[in-house]
Amino acid sequence: DESNLVDIVDFAEENHAAPNPEYFGEAEGRNVIVIAMESVQQFLIDYELEDENGEMHEVMPFVNSLFHDESSYSFDNFYHQVGQGKTSDAEILGENSLYGLPQGSAFQTLGSTNTFHAAPNILKQEAGYTSAAFHGNVGSFWNRNDTYQQFGYDYFFDSAFYDVSGDNSMEYGLKDKLFFDESVQYLEQLPQPFYSKFITVTNHFPYPLDEQNAGFPTAQTDDETINQYFATANYADQAIEEFFNYLKESGLYDNSIIVLYGDHYGISNMRNPHLASLLGEDPEEWGDFENTQMQKVPMIIHVPGAENGEVSHKVSGQVDMLPTLMHLLGLETDDYLFMGQDILSDEHDDAIPFRNGNVVTDDYSFIGQSIYDNDTGEEIQDSLSEEELADLNEIKVEATRELSLSDDLMMMDLLRFYTPESFSDVERNDYIYSDQLE
Ligand code: GP9
Ligand code: MN
(Lines give C-alpha, C1' and ligand atoms only; values in the text may rest on other atoms or scores of the structure.)
(Ligands and ions follow the chains in the order given, each with its own letter.)
Protein backbone atom coordinates (compact mmCIF):
# COMPACT_ATOMS: atom_id res chain seq x y z
CA ASP A 1 0.00 0.00 0.00
CA GLU A 2 0.93 3.64 0.30
CA SER A 3 3.50 3.00 3.02
CA ASN A 4 5.68 1.12 0.52
CA LEU A 5 6.16 4.43 -1.24
CA VAL A 6 8.34 5.88 1.52
CA ASP A 7 11.49 3.95 0.56
CA ILE A 8 11.01 4.79 -3.09
CA VAL A 9 10.55 8.49 -2.43
CA ASP A 10 13.69 8.48 -0.26
CA PHE A 11 15.64 6.65 -2.91
CA ALA A 12 14.54 9.01 -5.70
CA GLU A 13 15.58 11.97 -3.58
CA GLU A 14 19.06 10.59 -2.76
CA ASN A 15 19.52 9.28 -6.26
CA HIS A 16 18.67 12.56 -7.97
CA ALA A 17 21.59 13.94 -9.97
CA ALA A 18 21.59 17.71 -10.30
CA PRO A 19 21.48 19.07 -13.85
CA ASN A 20 24.73 20.22 -15.40
CA PRO A 21 24.42 23.94 -16.22
CA GLU A 22 26.42 23.42 -19.42
CA TYR A 23 23.54 21.40 -20.89
CA PHE A 24 20.43 22.30 -18.91
CA GLY A 25 17.80 23.81 -21.20
CA GLU A 26 20.00 23.43 -24.28
CA ALA A 27 16.99 22.11 -26.26
CA GLU A 28 14.24 23.96 -24.44
CA GLY A 29 10.94 24.09 -26.30
CA ARG A 30 12.13 21.89 -29.16
CA ASN A 31 10.23 19.01 -30.72
CA VAL A 32 11.43 15.63 -29.50
CA ILE A 33 11.92 12.78 -31.96
CA VAL A 34 12.88 9.44 -30.45
CA ILE A 35 14.00 6.63 -32.75
CA ALA A 36 14.16 3.09 -31.32
CA MET A 37 16.72 1.22 -33.42
CA GLU A 38 15.62 -2.40 -33.36
CA SER A 39 18.37 -4.79 -32.19
CA VAL A 40 21.23 -2.36 -32.90
CA GLN A 41 24.25 -3.07 -30.68
CA GLN A 42 27.14 -0.76 -29.93
CA PHE A 43 29.66 -2.97 -31.77
CA LEU A 44 28.02 -1.94 -35.04
CA ILE A 45 29.13 1.66 -34.48
CA ASP A 46 32.15 2.31 -36.72
CA TYR A 47 32.16 -1.37 -37.70
CA GLU A 48 33.31 -2.30 -41.20
CA LEU A 49 32.46 -5.70 -42.57
CA GLU A 50 35.00 -7.41 -44.80
CA ASP A 51 33.55 -9.07 -47.91
CA GLU A 52 34.85 -12.14 -49.75
CA ASN A 53 37.25 -10.00 -51.78
CA GLY A 54 38.74 -8.35 -48.74
CA GLU A 55 36.90 -5.08 -49.32
CA MET A 56 35.55 -3.23 -46.29
CA HIS A 57 31.94 -2.03 -45.99
CA GLU A 58 30.78 0.39 -43.30
CA VAL A 59 27.59 -1.08 -41.83
CA MET A 60 25.92 2.07 -40.45
CA PRO A 61 27.67 5.06 -42.06
CA PHE A 62 24.89 7.54 -41.34
CA VAL A 63 24.40 6.58 -37.68
CA ASN A 64 28.20 6.67 -37.32
CA SER A 65 28.30 10.22 -38.65
CA LEU A 66 25.64 11.21 -36.11
CA PHE A 67 27.50 9.41 -33.33
CA HIS A 68 30.60 11.53 -33.93
CA ASP A 69 28.86 14.78 -34.85
CA GLU A 70 29.73 17.91 -32.86
CA SER A 71 26.00 18.37 -32.30
CA SER A 72 25.59 14.95 -30.69
CA TYR A 73 25.94 13.77 -27.12
CA SER A 74 26.81 10.13 -27.69
CA PHE A 75 27.52 7.33 -25.24
CA ASP A 76 29.67 4.29 -25.92
CA ASN A 77 29.37 2.55 -22.54
CA PHE A 78 25.60 2.61 -22.54
CA TYR A 79 23.80 -0.65 -21.73
CA HIS A 80 20.35 -1.99 -22.52
CA GLN A 81 18.52 -3.09 -19.35
CA VAL A 82 15.59 -5.03 -20.78
CA GLY A 83 14.13 -8.34 -19.63
CA GLN A 84 11.61 -10.55 -21.39
CA GLY A 85 9.59 -7.52 -22.51
CA LYS A 86 12.39 -6.67 -24.99
CA THR A 87 11.37 -3.65 -27.15
CA SER A 88 8.57 -2.77 -24.75
CA ASP A 89 10.85 -2.94 -21.70
CA ALA A 90 13.12 -0.45 -23.46
CA GLU A 91 10.07 1.81 -23.80
CA ILE A 92 9.33 1.55 -20.05
CA LEU A 93 12.97 2.35 -19.26
CA GLY A 94 13.26 5.18 -21.76
CA GLU A 95 9.94 6.88 -21.07
CA ASN A 96 9.43 6.25 -17.33
CA SER A 97 12.94 5.77 -15.94
CA LEU A 98 11.67 2.54 -14.38
CA TYR A 99 12.45 -1.11 -15.09
CA GLY A 100 10.40 -3.78 -16.79
CA LEU A 101 9.53 -6.79 -14.67
CA PRO A 102 11.80 -9.68 -13.60
CA GLN A 103 9.49 -12.03 -15.55
CA GLY A 104 7.24 -11.39 -18.51
CA SER A 105 6.30 -8.08 -20.06
CA ALA A 106 5.18 -5.17 -17.90
CA PHE A 107 3.26 -3.75 -20.89
CA GLN A 108 1.22 -6.93 -20.99
CA THR A 109 0.66 -7.53 -17.30
CA LEU A 110 0.38 -3.97 -15.97
CA GLY A 111 0.09 -1.71 -19.01
CA SER A 112 -3.71 -1.63 -19.11
CA THR A 113 -4.23 -0.63 -15.51
CA ASN A 114 -1.18 0.98 -13.88
CA THR A 115 -0.62 4.67 -13.32
CA PHE A 116 2.49 5.90 -15.13
CA HIS A 117 4.37 9.17 -15.11
CA ALA A 118 5.65 8.74 -18.63
CA ALA A 119 7.34 11.14 -21.01
CA PRO A 120 4.22 12.00 -23.08
CA ASN A 121 2.22 12.94 -20.01
CA ILE A 122 5.09 14.71 -18.26
CA LEU A 123 5.94 16.83 -21.30
CA LYS A 124 2.28 17.65 -21.86
CA GLN A 125 1.77 18.79 -18.29
CA GLU A 126 5.06 20.59 -17.86
CA ALA A 127 5.49 22.18 -21.26
CA GLY A 128 2.36 21.72 -23.39
CA TYR A 129 3.70 19.04 -25.70
CA THR A 130 1.49 16.97 -28.03
CA SER A 131 2.61 13.34 -28.26
CA ALA A 132 2.51 10.61 -30.89
CA ALA A 133 3.91 7.10 -31.25
CA PHE A 134 4.63 5.61 -34.69
CA HIS A 135 5.00 1.89 -35.32
CA GLY A 136 4.36 -0.19 -38.45
CA ASN A 137 2.97 -3.18 -36.57
CA VAL A 138 -0.45 -3.88 -35.04
CA GLY A 139 -1.20 -1.73 -32.02
CA SER A 140 -2.03 -4.74 -29.90
CA PHE A 141 1.54 -6.11 -30.09
CA TRP A 142 3.04 -5.90 -26.58
CA ASN A 143 -0.33 -4.43 -25.51
CA ARG A 144 0.84 -1.04 -26.77
CA ASN A 145 -2.69 0.26 -27.44
CA ASP A 146 -3.61 0.12 -23.78
CA THR A 147 -0.22 0.99 -22.37
CA TYR A 148 0.12 4.08 -24.54
CA GLN A 149 -3.18 5.33 -23.15
CA GLN A 150 -1.76 5.00 -19.67
CA PHE A 151 1.42 6.74 -20.82
CA GLY A 152 -0.73 9.64 -22.04
CA TYR A 153 0.00 9.43 -25.77
CA ASP A 154 -2.34 11.68 -27.74
CA TYR A 155 -1.88 9.66 -30.94
CA PHE A 156 -0.71 6.20 -31.84
CA PHE A 157 -0.10 5.58 -35.53
CA ASP A 158 0.03 1.80 -35.78
CA SER A 159 -0.20 -0.43 -38.86
CA ALA A 160 -3.82 0.67 -39.50
CA PHE A 161 -2.38 4.00 -40.69
CA TYR A 162 0.08 2.52 -43.18
CA ASP A 163 -0.06 0.42 -46.33
CA VAL A 164 1.36 -2.77 -44.89
CA SER A 165 0.13 -5.01 -47.70
CA GLY A 166 2.18 -7.60 -49.58
CA ASP A 167 5.91 -6.99 -49.91
CA ASN A 168 5.71 -3.78 -47.88
CA SER A 169 5.89 -5.73 -44.64
CA MET A 170 7.87 -8.45 -43.00
CA GLU A 171 7.09 -10.44 -39.89
CA TYR A 172 7.24 -7.53 -37.43
CA GLY A 173 5.68 -4.90 -39.66
CA LEU A 174 6.27 -2.31 -42.32
CA LYS A 175 9.81 -2.04 -43.71
CA ASP A 176 11.67 0.88 -42.16
CA LYS A 177 12.09 3.03 -45.30
CA LEU A 178 8.38 2.82 -46.10
CA PHE A 179 7.57 3.35 -42.44
CA PHE A 180 9.45 6.65 -42.16
CA ASP A 181 8.25 7.78 -45.60
CA GLU A 182 4.59 7.19 -44.74
CA SER A 183 4.93 8.62 -41.22
CA VAL A 184 5.85 12.07 -42.47
CA GLN A 185 2.27 12.96 -43.50
CA TYR A 186 1.14 12.42 -39.89
CA LEU A 187 4.14 14.03 -38.25
CA GLU A 188 3.54 17.20 -40.28
CA GLN A 189 0.05 17.54 -38.79
CA LEU A 190 1.14 17.51 -35.16
CA PRO A 191 0.92 20.74 -33.23
CA GLN A 192 4.37 21.84 -32.04
CA PRO A 193 6.13 21.32 -29.80
CA PHE A 194 5.60 17.57 -30.13
CA TYR A 195 7.08 14.50 -28.47
CA SER A 196 7.24 11.64 -30.98
CA LYS A 197 8.57 8.12 -30.96
CA PHE A 198 9.38 5.93 -33.97
CA ILE A 199 9.86 2.20 -33.42
CA THR A 200 11.71 0.51 -36.28
CA VAL A 201 11.39 -3.21 -37.06
CA THR A 202 13.36 -4.34 -40.10
CA ASN A 203 16.55 -5.16 -38.20
CA HIS A 204 14.72 -7.79 -36.15
CA PHE A 205 15.73 -11.41 -35.72
CA PRO A 206 16.04 -13.44 -37.97
CA TYR A 207 17.33 -10.50 -40.10
CA PRO A 208 15.58 -11.51 -43.33
CA LEU A 209 17.20 -10.54 -46.59
CA ASP A 210 15.14 -9.39 -49.54
CA GLU A 211 15.71 -7.19 -52.57
CA GLN A 212 15.58 -4.04 -50.37
CA ASN A 213 18.83 -4.84 -48.61
CA ALA A 214 20.40 -7.22 -51.09
CA GLY A 215 23.18 -4.76 -51.92
CA PHE A 216 25.07 -5.23 -48.68
CA PRO A 217 27.45 -8.17 -48.25
CA THR A 218 26.72 -10.95 -45.79
CA ALA A 219 29.32 -12.11 -43.27
CA GLN A 220 31.02 -15.47 -43.68
CA THR A 221 30.59 -17.15 -40.31
CA ASP A 222 28.85 -20.51 -39.87
CA ASP A 223 25.87 -18.75 -38.24
CA GLU A 224 23.30 -17.54 -40.81
CA THR A 225 21.67 -15.16 -38.34
CA ILE A 226 24.93 -13.34 -37.71
CA ASN A 227 25.75 -13.29 -41.42
CA GLN A 228 22.55 -11.44 -42.30
CA TYR A 229 22.47 -9.06 -39.32
CA PHE A 230 24.83 -6.59 -40.99
CA ALA A 231 22.68 -6.24 -44.10
CA THR A 232 19.45 -5.48 -42.24
CA ALA A 233 21.32 -3.06 -39.96
CA ASN A 234 22.64 -1.31 -43.08
CA TYR A 235 19.08 -1.07 -44.41
CA ALA A 236 17.95 0.50 -41.10
CA ASP A 237 20.82 2.98 -41.38
CA GLN A 238 19.67 4.04 -44.85
CA ALA A 239 16.09 4.41 -43.62
CA ILE A 240 17.21 6.66 -40.75
CA GLU A 241 19.26 8.78 -43.15
CA GLU A 242 16.25 9.23 -45.44
CA PHE A 243 14.16 10.29 -42.46
CA PHE A 244 16.78 12.87 -41.46
CA ASN A 245 16.79 14.20 -45.03
CA TYR A 246 13.07 14.72 -44.76
CA LEU A 247 13.40 16.43 -41.38
CA LYS A 248 15.93 18.83 -42.90
CA GLU A 249 13.81 19.56 -46.00
CA SER A 250 10.71 20.21 -43.91
CA GLY A 251 12.50 22.56 -41.54
CA LEU A 252 11.58 20.42 -38.53
CA TYR A 253 15.22 19.44 -38.04
CA ASP A 254 16.57 22.71 -36.65
CA ASN A 255 13.82 22.95 -34.08
CA SER A 256 14.08 19.38 -32.83
CA ILE A 257 16.13 17.17 -30.56
CA ILE A 258 16.55 13.66 -31.91
CA VAL A 259 17.27 10.72 -29.61
CA LEU A 260 18.40 7.40 -31.11
CA TYR A 261 18.93 4.27 -29.05
CA GLY A 262 19.45 0.55 -29.60
CA ASP A 263 16.61 -1.27 -27.86
CA HIS A 264 18.46 -4.50 -26.92
CA TYR A 265 20.93 -7.07 -28.23
CA GLY A 266 20.36 -8.55 -31.67
CA ILE A 267 22.82 -11.42 -31.37
CA SER A 268 22.20 -13.74 -28.41
CA ASN A 269 24.91 -14.93 -26.02
CA MET A 270 24.59 -18.40 -27.48
CA ARG A 271 25.63 -17.08 -30.90
CA ASN A 272 28.31 -14.66 -29.70
CA PRO A 273 31.25 -17.10 -30.00
CA HIS A 274 30.51 -17.21 -33.75
CA LEU A 275 30.71 -13.42 -33.83
CA ALA A 276 34.04 -13.37 -32.00
CA SER A 277 36.26 -13.75 -35.07
CA LEU A 278 34.51 -10.80 -36.78
CA LEU A 279 35.44 -8.69 -33.77
CA GLY A 280 39.05 -9.83 -33.75
CA GLU A 281 38.48 -11.96 -30.65
CA ASP A 282 39.33 -15.58 -29.96
CA PRO A 283 36.14 -17.71 -29.75
CA GLU A 284 37.93 -20.02 -27.28
CA GLU A 285 38.44 -17.10 -24.90
CA TRP A 286 34.85 -15.93 -25.14
CA GLY A 287 32.90 -16.06 -21.88
CA ASP A 288 30.53 -14.28 -19.51
CA PHE A 289 32.60 -11.11 -19.40
CA GLU A 290 32.57 -10.77 -23.19
CA ASN A 291 28.84 -11.52 -23.34
CA THR A 292 28.26 -8.75 -20.82
CA GLN A 293 30.27 -6.26 -22.86
CA MET A 294 28.07 -7.12 -25.83
CA GLN A 295 25.01 -5.71 -24.03
CA LYS A 296 26.12 -2.19 -24.95
CA VAL A 297 23.78 -0.39 -27.32
CA PRO A 298 24.27 2.97 -29.01
CA MET A 299 22.68 6.08 -27.53
CA ILE A 300 22.82 9.38 -29.40
CA ILE A 301 21.19 12.65 -28.45
CA HIS A 302 21.41 14.90 -31.47
CA VAL A 303 20.80 18.61 -30.91
CA PRO A 304 21.11 20.44 -34.25
CA GLY A 305 23.16 23.60 -33.79
CA ALA A 306 24.93 22.47 -30.62
CA GLU A 307 28.73 22.56 -30.82
CA ASN A 308 29.70 20.99 -27.51
CA GLY A 309 28.91 17.42 -28.48
CA GLU A 310 31.21 14.55 -27.52
CA VAL A 311 31.36 10.80 -27.09
CA SER A 312 30.99 10.16 -23.37
CA HIS A 313 32.45 6.96 -21.94
CA LYS A 314 30.34 7.08 -18.79
CA VAL A 315 28.84 3.73 -17.84
CA SER A 316 25.12 4.35 -18.19
CA GLY A 317 21.89 2.66 -19.19
CA GLN A 318 18.45 3.05 -20.68
CA VAL A 319 16.98 3.97 -17.30
CA ASP A 320 18.97 7.23 -17.59
CA MET A 321 17.39 8.39 -20.83
CA LEU A 322 14.39 10.33 -19.52
CA PRO A 323 16.16 12.40 -16.85
CA THR A 324 18.89 13.22 -19.38
CA LEU A 325 16.34 14.31 -21.97
CA MET A 326 14.27 16.34 -19.51
CA HIS A 327 17.28 18.32 -18.31
CA LEU A 328 18.24 19.10 -21.90
CA LEU A 329 14.67 20.38 -22.36
CA GLY A 330 15.12 22.56 -19.29
CA LEU A 331 12.73 20.57 -17.11
CA GLU A 332 13.60 19.69 -13.53
CA THR A 333 13.25 16.04 -12.56
CA ASP A 334 13.22 16.13 -8.76
CA ASP A 335 9.42 15.81 -8.54
CA TYR A 336 9.49 12.39 -10.17
CA LEU A 337 10.16 8.88 -8.89
CA PHE A 338 12.87 8.03 -11.39
CA MET A 339 15.36 5.18 -10.97
CA GLY A 340 17.82 6.66 -13.46
CA GLN A 341 19.96 9.79 -13.55
CA ASP A 342 20.96 12.46 -16.07
CA ILE A 343 24.10 11.04 -17.73
CA LEU A 344 25.37 14.54 -18.47
CA SER A 345 25.30 15.40 -14.76
CA ASP A 346 28.57 15.40 -12.81
CA GLU A 347 26.71 13.46 -10.13
CA HIS A 348 25.79 10.55 -12.40
CA ASP A 349 26.60 7.26 -10.72
CA ASP A 350 28.41 4.60 -12.73
CA ALA A 351 26.80 1.43 -11.33
CA ILE A 352 24.33 0.07 -13.88
CA PRO A 353 22.18 -2.98 -13.04
CA PHE A 354 20.95 -5.32 -15.73
CA ARG A 355 17.46 -6.74 -15.43
CA ASN A 356 18.96 -10.14 -14.48
CA GLY A 357 20.79 -8.64 -11.48
CA ASN A 358 24.25 -8.40 -13.05
CA VAL A 359 25.92 -5.02 -12.53
CA VAL A 360 28.53 -3.11 -14.50
CA THR A 361 30.54 -0.18 -13.15
CA ASP A 362 33.47 1.75 -14.56
CA ASP A 363 35.94 -0.71 -13.06
CA TYR A 364 34.10 -3.97 -12.43
CA SER A 365 31.52 -6.34 -13.86
CA PHE A 366 29.46 -8.33 -11.36
CA ILE A 367 28.20 -11.37 -13.23
CA GLY A 368 26.39 -14.04 -11.24
CA GLN A 369 28.69 -14.77 -8.28
CA SER A 370 31.81 -13.59 -10.14
CA ILE A 371 33.52 -10.22 -10.19
CA TYR A 372 35.57 -9.23 -13.24
CA ASP A 373 38.14 -6.48 -13.60
CA ASN A 374 37.00 -4.52 -16.67
CA ASP A 375 40.61 -3.68 -17.67
CA THR A 376 41.78 -7.27 -17.87
CA GLY A 377 38.50 -9.18 -18.28
CA GLU A 378 39.74 -11.55 -15.56
CA GLU A 379 37.81 -12.86 -12.55
CA ILE A 380 39.19 -11.36 -9.35
CA GLN A 381 36.87 -12.47 -6.54
CA ASP A 382 39.25 -15.24 -5.36
CA SER A 383 42.24 -12.92 -5.08
CA LEU A 384 40.46 -10.36 -2.88
CA SER A 385 40.64 -10.00 0.90
CA GLU A 386 37.39 -10.52 2.76
CA GLU A 387 37.16 -6.81 3.34
CA GLU A 388 37.71 -5.92 -0.32
CA LEU A 389 35.14 -8.48 -1.32
CA ALA A 390 32.59 -7.03 1.11
CA ASP A 391 33.20 -3.52 -0.23
CA LEU A 392 32.67 -4.61 -3.81
CA ASN A 393 29.61 -6.64 -2.99
CA GLU A 394 28.17 -3.55 -1.37
CA ILE A 395 28.33 -1.80 -4.77
CA LYS A 396 26.36 -4.62 -6.29
CA VAL A 397 23.76 -4.65 -3.52
CA GLU A 398 23.30 -0.88 -3.81
CA ALA A 399 22.94 -1.01 -7.58
CA THR A 400 20.40 -3.82 -7.61
CA ARG A 401 18.32 -2.16 -4.92
CA GLU A 402 16.76 0.06 -7.56
CA LEU A 403 15.49 -3.04 -9.36
CA SER A 404 13.48 -4.15 -6.37
CA LEU A 405 12.22 -0.64 -5.61
CA SER A 406 11.11 -0.35 -9.23
CA ASP A 407 9.40 -3.75 -9.00
CA ASP A 408 7.53 -2.68 -5.85
CA LEU A 409 6.44 0.52 -7.53
CA MET A 410 5.21 -1.30 -10.63
CA MET A 411 3.66 -4.35 -9.04
CA MET A 412 1.77 -2.43 -6.35
CA ASP A 413 0.87 0.36 -8.78
CA LEU A 414 2.26 2.88 -6.32
CA LEU A 415 2.30 5.88 -8.63
CA ARG A 416 -1.45 6.11 -8.13
CA PHE A 417 -0.62 7.39 -4.63
CA TYR A 418 1.96 9.91 -5.77
CA THR A 419 1.20 13.11 -7.67
CA PRO A 420 4.23 15.12 -8.74
CA GLU A 421 3.94 18.78 -7.84
CA SER A 422 4.01 19.86 -11.45
CA PHE A 423 1.07 17.61 -12.34
CA SER A 424 -1.93 19.87 -12.19
CA ASP A 425 -4.52 17.35 -13.19
CA VAL A 426 -3.70 13.85 -14.36
CA GLU A 427 -5.99 12.83 -17.17
CA ARG A 428 -6.30 9.13 -17.82
CA ASN A 429 -8.07 7.09 -20.45
CA ASP A 430 -8.68 10.20 -22.43
CA TYR A 431 -7.06 8.81 -25.54
CA ILE A 432 -8.60 6.52 -28.11
CA TYR A 433 -6.66 5.23 -31.08
CA SER A 434 -8.01 4.16 -34.45
CA ASP A 435 -8.55 0.45 -34.17
CA GLN A 436 -10.24 0.79 -30.83
CA LEU A 437 -12.97 2.82 -32.53
CA GLU A 438 -13.85 0.02 -34.95
C1 GP9 B 1 7.13 -5.57 -32.54
C2 GP9 B 1 8.48 -5.01 -32.30
C3 GP9 B 1 9.46 -6.12 -31.93
O4 GP9 B 1 6.06 -4.69 -32.60
O5 GP9 B 1 8.49 -3.94 -31.44
O6 GP9 B 1 9.51 -6.39 -30.58
P7 GP9 B 1 10.67 -7.31 -29.92
O8 GP9 B 1 10.45 -8.72 -30.39
O9 GP9 B 1 12.01 -6.81 -30.37
O10 GP9 B 1 10.47 -7.14 -28.46
MN1 MN C 1 13.15 -5.03 -30.20
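Calculation notes
Residues numbered from 1 in each chain as written. Chains lettered and ligands numbered in written order. Predicted model: local features only at pLDDT ≥ 70, side-chain atom pairs only at ≥ 80, totals over all residues. Heavy atoms only, no water. UniProt positions renumbered as here; feature names shortened; annotations may be inferred. Axes fitted to C-alpha atoms, helices over the stretch in contact; angles between N-to-C directions. Helix = DSSP H or I, 4+ residues; strand = E, 2+ residues; numbered from the N terminus. Parallel < 35°, antiparallel > 145°, perpendicular 65-115°, else oblique. Contact = heavy atoms within 4.5 Å. Nonpolar A, V, L, I, M, F, W, Y, C, P; charged D, E, K, R; others polar. Buried < 20%, exposed > 50% of the residue type's maximum accessible area, 1.4 Å probe, protein only. Pairing = 2+ DSSP bridges. Polar contact = N/O pair within 3.5 Å; in protein donor to acceptor, adjacent residues only side chain to side chain. Phe/Tyr/Trp six-rings, centres within 6.5 Å; stacked < 30°, edge-to-face > 60°. 1 Å grid on protein atoms, 1.4 Å probe; cavity = no way out; pocket = protein on both sides within 12 Å on 5 of 7 lines; lining within 4 Å. Points joined across faces, edges and corners; volume = space filled by probe spheres on them.

The protein chain is annotated in an unreviewed UniProt entry as Lipoteichoic acid synthase of Marinilactibacillus piezotolerans. According to the UniProt record, the Subcellular location (unreviewed entry) comment for the protein chain reads "Cell membrane". The Sequence similarities (unreviewed entry) field of the UniProt record for the protein chain holds the comment "Belongs to the LTA synthase family."

Chemist: Explain the packing of helix H3 (residues 86-96) against helix H6 (residues 144-151) here, please?
Modeler: When two helices pack together, their arrangement is given by the angle between the helix axes and the distance between those axes. Packing of H3 against H6 brings their axes to within 13 Å, and their N-to-C directions diverge by 5°. Judged on the interaxial angle alone, H6 and H3 are roughly parallel. From H3, Thr87, Glu91, Glu95 and Asn96 reach across to H6, where they touch Arg144, Tyr148 and Phe151. Taken together, the residues of the contact of H3 with H6 break down into 2 nonpolar, 2 polar and 3 charged.

Chemist: What is the right way to read the UniProt feature "binding site: substrate" (unreviewed entry) in the protein chain from this model?
Modeler: Taken from the UniProt record, the annotation "binding site: substrate" (unreviewed entry) applies to His204. When you line up the elements, His204 lands in the loop between strand S10 (194-199) and helix H8 (224-250). With relative accessibility at 18%, the residue His204 sits in the buried group. Contacts of His204, omitting those with residues within four sequence positions, involve Glu38, Ser39 and Tyr172.

Chemist: Any chance you could explain the sheet that holds strand S17 (residues 364-367) here in plain terms?
Modeler: Within a sheet, adjacent strands bond to each other through the backbone by hydrogen bonds, running parallel or antiparallel. Pairing is antiparallel across the open sheet formed by 5 strands, whose spatial order is S15-S16-S17-S18-S19. The strands lining the two open edges of the sheet, one partner per strand, are strand S15 (352-353) and strand S19 (378-379). Across 2 bridges, strand S16 (residues 359-360) lies against S17 in antiparallel orientation. In the sheet register, Val359 faces S17, and the bridge partner there is Phe366.

Chemist: Got a minute to help me understand the side chain of Gln341 in this structure?
Modeler: Position of Gln341 among the secondary structure elements: in the loop between helix H11 (321-328) and S15. Side-chain polar atoms of Gln341 contact the backbone oxygen of Asn15, separated by 2.6 Å. For Gln341, the side chain forms a polar contact with the main-chain nitrogen of Asp349, separated by 2.7 Å. In contact with Gln341, not counting residues within four places along its chain, are Asn15, Ala17, Asp320, Pro323, Thr324, Glu347, His348 and Asp349.

Chemist: Quick question: what am I supposed to make of the packing of aromatic side chains here?
Modeler: The description of an aromatic ring pair uses the distance of the two centres, along with the angle that the planes make with each other. Throughout the structure, instances matching the rule amount to 39 aromatic pairs. Consider the rings of Tyr148 and Phe156, whose centres lie 4.7 Å apart with planes at 70°: the pair is edge-to-face. You can call Tyr148 buried: its relative accessible area is 0%. Between Phe179 and Phe180 the ring centres are 5.2 Å apart and the planes differ by 45°, which places this aromatic pair in the tilted class.

Chemist: Please clarify how the layout of surface pockets should be interpreted in this entry.
Modeler: The probe, sized like a water molecule, is rolled over the atoms to show the empty space still left. Its boundaries defined by the atoms lining it, the largest pocket holds a volume of some 390 Å³. In terms of lining residues, the largest pocket is bounded by 20 residues, among which His80, Asn269, Gln295, Phe354 and Asn356 are the most central. When residues of the lining of the largest pocket are assigned to their parent elements, the largest contribution, 3 residues, is made by helix H10 (residues 288-293).

Chemist: Which parts of the structure should I look at to understand the sheet that holds strand S4 (residues 72-75)?
Modeler: Reading across from one edge, S7-S6-S10-S1-S11-S12-S4-S13 is the order of the 8 strands in this open sheet, with mixed pairing throughout. The open sheet has two edge strands with one neighbour each: strand S7 (155-157) and strand S13 (310-312). Direction aside, neighbouring strands of the sheet carry axes that sit 15° apart on average. Both strand S11 (residues 256-262) and strand S12 (residues 299-302) contribute to a ladder of 4 bridges, which runs antiparallel. Bridging from a neighbouring strand, Tyr261 pairs with Met299 of S12. Along the sheet face, H8 touches strand S1 (31-37), S10, S11 and S12 and points at about 170° away from the line of S1.

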